[in-house]
Amino acid sequence: MNRSIINILCCLISSLIATAQATNNLLPPFEKWKDDKGNFINAHGAGVLSYNGTYYLFGEIKKGKTHLVPNQSWEDYRVDAGGISCYSSKDLVHWKYEGIALAPNKTDSTSDIHISKVIERPKVIYNKRTKQFVMWVHIDKEDYSYAHIGVAVSNSPAGPYKYLQSVQPNGQQSRDMTVFKDDNGKAYLIYSSENNNTMQICELSNDYLSPTKNYIRILENQRREAPAMFKHDGKYYLITSLCSGWDPNAAILSVADSVMGNWVQRGNPCVGKDAATTFNSQSSFVLPLNKGKFIFLADRWNKTNLEDSRYIWLPLTINNGNVEIKYKDEK
Ligand code: DGJ
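The sections below set out a description of the structure shown in this document. For clarity, every value in this text was computed on a predicted model and none was experimentally measured.

Focus: the sheet that holds strand β22 (residues 310-319)
Spatially, 5 strands are ordered β19-β23-β22-β21-β20 in an open sheet, and the strand pairing comes out mixed. Both outer strands of the open sheet, β19 (270-271) and β20 (282-288), are each paired with one neighbouring strand and no more. Pairing geometry for β22 and strand β23 (residues 322-326), over 4 bridges, is antiparallel. Note on β23: the bridge partner recorded for Ile318 is Val323.

Structure (structure tokens):
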């Protein structure tokens, strides 16, 4: 057998093993999830890039003392922005620390990514034409009045990423966000806008580096945030939370025949005890595995000690268009 066939077979077998392990509930231990160096995984508001048989996990680094921003009408608990971490894994169980993918700026307080700012919910996609990895991330001031979305690029999946700039797509506010790349290569930003009252979806340019003028308003006046989009059997699904600061609430699933709508709400996809609080968590990403099997990634925030926030990764299934997320105790 020639070497390239052996390589292809090895890739196939390791991806089958990874999928089998992940769907057999070898999900990360929510309470004590450690990397290859024995350190707690620090990747909140996370997203996963699947590239060349490896999964890359990106998330917010939350480290240091949590403080309450004064004179806010809501509980604006914060830690200094620690930048974005990256971990890699072949099996979704064992994770290697790859380092800081997007480093915060420690000296220039006017920089978008200065430690005094908000750098949240990073999502990375790969652009086949430009061969660049593109990271989009929520950029804000500590009082969340800036409402921008930032973009950074790298030639390798784990980074380091070079920060380019932040924008408000078509002059619209952007807070909690995600990115979705469709099978045809088109990519979209999905973000809470209009003072978090309404979400918007905006198509990205072919290089994924800027928003186009093509955007729609969805879930009008529903006050949704924490978007996570995925696709199955030609249908598009979007899980969101209600806006309640760091406190958990019930997720809602919306469904559409095309990314650009129409989006119809379908109720809470979580079933069982604590479904009304999304099992005490908030959505961050949905990772496709295969055959209608997905992993739902969520944050279990500890608002007064954000560094101590945890994660839950749960199986998400779709049967005949019916989406279900069930709680599973950690192993
Ligand atoms: C809820 C959002 O989903 C989080 O990402 C973060 O922005 C907090 N609000 C801040 O309170």
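Description of the sheet that holds strand β5 (residues 81-89)
Pairing is antiparallel across the open sheet formed by 4 strands, whose spatial order is β1-β2-β5-β6. Each edge of the open sheet carries a strand with a single partner, namely β1 (44-51) and β6 (96-102). Ignoring which end each strand starts from, the neighbouring axes of this sheet average 25° apart.

Points about the pairing of β23
Covered by surrounding structure in β23 are Val323 and Ile325 only, the residues Asn322, Glu324 and Lys326 on the alternate face being uncovered. In terms of strand pairing, β19 meets β23 through 2 bridges, oriented parallel. Among the inter-strand pairings, Cys270 is bridged to a residue of β23, identified as Ile325. Here β22 folds back onto β23 in antiparallel fashion, the turn holding 2 residues, of which Asn320 has a positive phi close to 50°.

Concerning the pairing of β1
Remember that side chains alternate between the two faces of the sheet whenever the strand is regular. The element β1 is extensively covered by neighbouring structure, given that 6 of its 8 residues are classed as buried. As judged from the 6 bridges shared by β1 and strand β2 (residues 54-62), these two strands associate in the antiparallel manner. Its bridge partner lying in β2, Tyr51 is registered against Thr54. Hairpin remark: β1 followed by β2, antiparallel, with 2 residues in the connecting loop; positive phi at Asn52, about 50°.

Brief notes about the packing of aromatic side chains
A full pass over the atoms with the stated rule returns 15 aromatic pairs. Consider the rings of Tyr87 and Tyr97, whose centres lie 5.2 Å apart with planes at 50°: the pair is tilted. A residue pair is termed long-range when its members are at least 10 positions apart, and Tyr87 in strand β5 and Tyr97 in strand β6 qualify at 10 residues. Note on Tyr87: relative accessible area 3%, which makes it buried. Centre to centre, the rings of Trp95 and Trp313 are 6.0 Å apart; their planes meet at 75°, and the pair counts as edge-to-face. Here Trp95 is found in the loop between β5 and β6, whereas its partner Trp313 is found in strand β22, with 218 residues between them in sequence. Each member of the aromatic cluster is reached from another via a ring pair, and the members are Trp33, Trp95, Tyr311 and Trp313. For Lys34, the ring lying beneath its charged end belongs to Phe40, and the centroid distance is 5.1 Å.

Conventions we followed
- Residues numbered from 1 in each chain as written.
- Predicted model: local features only at pLDDT ≥ 70, side-chain atom pairs only at ≥ 80, totals over all residues.
- Heavy atoms only, no water.
- Pairing = 2+ DSSP bridges.
- Helix = DSSP H or I, 4+ residues; strand = E, 2+ residues; numbered from the N terminus.
- Axes fitted to C-alpha atoms, helices over the stretch in contact; angles between N-to-C directions.
- Buried < 20%, exposed > 50% of the residue type's maximum accessible area, 1.4 Å probe, protein only.
- Phe/Tyr/Trp six-rings, centres within 6.5 Å; stacked < 30°, edge-to-face > 60°.
- Lys NZ or Arg CZ within 6 Å of the ring centre and 35° of its normal.

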